[in-house]
Amino acid sequence: LSFMIVFLVMSGVSANETSDNSDFISQDMEINEYKSLESNSMDKESNQILESKDVADTDITTNKDIKKIDTEDTKTVKEASSTMTQSIFVTINSQVSPTNVTVWKNSGITDVYVQVNHINTNVYNMNNLKNVITLTKSSGIKVHAWVYCFVEKNTYKVTDTRATLVKNKVKTLINNYNIAGVCLDGVRYSGIKISEVNEKKITNFVKDIHTIVKNKNSNLLVSVCVLPEKENTKKYYGQNYAALSPYTDVMLVLSFKYDYKSDRAWMKSAVSYVKNEAKSSNVVGVIQTFKTVSGKNVKLTASELTNDVNAIISAGSNGYSLYKYGFISSYPTNKNYDPYENKIVSLFVLINSELN
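These remarks concern the structure in this document. Given the structure is predicted, the values throughout are model-derived calculations rather than measurements. (Residues numbered from 1 in each chain as written. Predicted model: local features only at pLDDT ≥ 70, side-chain atom pairs only at ≥ 80, totals over all residues. Heavy atoms only, no water.)

A short note on the packing of aromatic side chains
In total, this model carries 12 aromatic pairs according to the counting rule given. Here the aromatic rings of F89 and W146 are separated by 4.9 Å at their centres, their planes lie at 75 degrees, and the arrangement is edge-to-face. Of this pair, F89 sits in strand β1 (residues 85-90) while W146 sits in strand β3 (residues 142-148), and the two are 57 residues apart along the sequence. Aromatic side chains W146 and Y323 sit 6.3 Å apart centroid to centroid with 85 degrees between the ring planes, which places their arrangement in the edge-to-face category. Taken together, the positions of W146 in strand β3 and Y323 in strand β12 (residues 319-323) put the pair 177 residues apart, joining distant regions of the chain. Taken as a pair, W146 and Y323 share a single burial class, namely buried. Among the aromatic residues, those joined into a cluster by ring pairs are F89, Y113, W146, Y148, F256, F290, Y323 and F327. In this arrangement the basic side chain of K169 is found over the ring face of Y124, its NZ or CZ atom lying 4.7 Å from the centre. Note that R188 overlies the ring of Y156, its terminal NZ or CZ placed 3.9 Å from the centroid. (Phe/Tyr/Trp six-rings, centres within 6.5 Å; stacked < 30°, edge-to-face > 60°. Helix = DSSP H or I, 4+ residues; strand = E, 2+ residues; numbered from the N terminus. Buried < 20%, exposed > 50% of the residue type's maximum accessible area, 1.4 Å probe, protein only. Lys NZ or Arg CZ within 6 Å of the ring centre and 35° of its normal.)

Structure representation (structure tokens):
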């Protein structure tokens, strides 16, 4: 009988990180989720009939039947535990060390989105991606390739040429790097010329990426960064939350309260709106970890980040994501993270079961 034990560990850790050299990316330069479970090992004697009379009066008569039940139970556990994620965005030139990975692990970080192309030049550089993959290899942290799509020299251009280029790069990423998925950013129009907006182009592009990724490996994830402007997001940028949802495993809502000069009530409202629209996706709010004061980026305190986290989770966010690495003084603590809090999760093991 195969079995699984899930440990969900959460601890607040303070750590000063080395700031990267990348410039502050404003709301117009936007910036995913997955908690995978290891596959169950299967009994070697799958067709052997149980001889124990202790189970004679039950409906479970063979190891095969037991495996079927166990698989169904495992699916339930996977669904429950994969709804919450704690992630962080790492820019292309960031310096990541083993110490940083230890801090992530101790702080409950489950997923890391690593930028692979420059927003101003679109030049791809996989060095940081490879470094983070190597450093997190035995940590259990999942690494995603963070790709800017329709941005050329800081200008948004939704063209077939750009779409083809990104699709080819995605194929390269999933075929050559041990990643958990692909995070699509800049999947939108500029928001300036409404007459040019064609939401079907955005939706069809994400659909094509989804097909490419899932054909390679159905366990790979497709994450999409979306703006938090509710109904205006579709009108001005071509991002239709409901239409994108079937092709998006994780919808990352860029709920940057300082960029939008707003507050936690606004953050909650934005996440709640997307949650109601994107029925097929896990929706995760992205929290800005710094504010700009007199032209300088000032890191937010752990207390403020914690309050921001609790605000978006109360609105239905499936965890949280931090933007960005290098601008975090202390990590937030989130008491709402554990989906099994105040619940008993148990497993019955038959007397002759072989455990490995």
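Let's pick the thread back up.
Considering the nonpolar core
What tends to happen in soluble globular proteins is that the nonpolar side chains get buried as a cluster. Ranked by size, the top nonpolar core spans 88 residues in total, and within it I88, W104, L129, L184 and F205 carry the most contacts. The biggest single contributor to this core is helix α5 (residues 199-216), with six residues. (Core = buried A, V, L, I, M, F, W, Y, C linked by side-chain atoms within 4.5 Å.)

As for a nonpolar patch on the surface
Together, L347, V349 and L355 line one region of the surface with nonpolar side chains, adding up to about 260 Å² of accessible area. Tracing the chain through its elements places V349 in the segment after β12. With a relative accessible area of 45%, V349 lands in the partly exposed category. (Patch = residues over 30% accessible without salt bridge, like charges linked within 9 Å, V, L, I, M, F, W, Y side chains within 5 Å. Areas by Shrake-Rupley, 256 points an atom, 1.4 Å probe, with all protein chains shown as cover. Salt bridge = Lys/Arg side-chain N within 4 Å of Asp/Glu carboxyl O.)

Comments concerning the sheet that holds β12
Hydrogen bonds between backbone atoms are what pair the strands of a sheet, whose relative direction is either parallel or antiparallel. Strands sit in the order β1-β2-β3-β6-β7-β8-β9-β12 around a closed barrel of eight strands; the barrel is parallel. For this sheet the average axis-to-axis angle between neighbouring strands, irrespective of direction, equals 25 degrees. Helix α3 (residues 127-135) rests against β1, β2 (111-115) and β3 of the sheet, and its axis sits at about 165 degrees to β3. Of the strands in this sheet, β8 (250-254) and β9 (282-288) are in contact with helix α8 (residues 264-277), which crosses β9 at around 155 degrees. (Pairing = 2+ DSSP bridges. Axes fitted to C-alpha atoms, helices over the stretch in contact; angles between N-to-C directions. Contact = heavy atoms within 4.5 Å.)

Re α8
The terminal C-alpha atoms of α8 lie 20 Å apart, and with 14 residues this matches the ideal 20 Å at 1.5 Å per residue to within 8%. Every buried residue of α8 is accounted for by W266, M267, A270, V271 and V274. When α8 is viewed along its axis, its buried side chains cluster within an angular range of 130 degrees and face the same direction. As for α8, its buried residues are in contact with α7 (241-244), β8, β9 and α9 (302-314). Capping of α8 at its N-terminal end is provided by D263; its side-chain oxygen lies 3.3 Å from the backbone amide nitrogen of A265. (Expected span 1.5 Å × (residues − 1). Arc of directions from axis to C-beta. Polar contact = N/O pair within 3.5 Å; in protein donor to acceptor, adjacent residues only side chain to side chain.)

Observations regarding the pairing of β8
Summarising burial for β8: five of the five residues are buried, a large majority. Burial of the side chains of β8 extends over both faces: V250, L252 and L254 are buried on one face and M251 and V253 on the other. Relative to β9, β8 is paired through five bridges, and the arrangement is parallel. Paired with L254 across the two strands is V286, which belongs to β9. Since β8 and β9 lie parallel, the crossover through α8 that links them has a hand, and here it is right-handed. (Right-handed = clockwise from strand over helix to strand, strands pointing away.)

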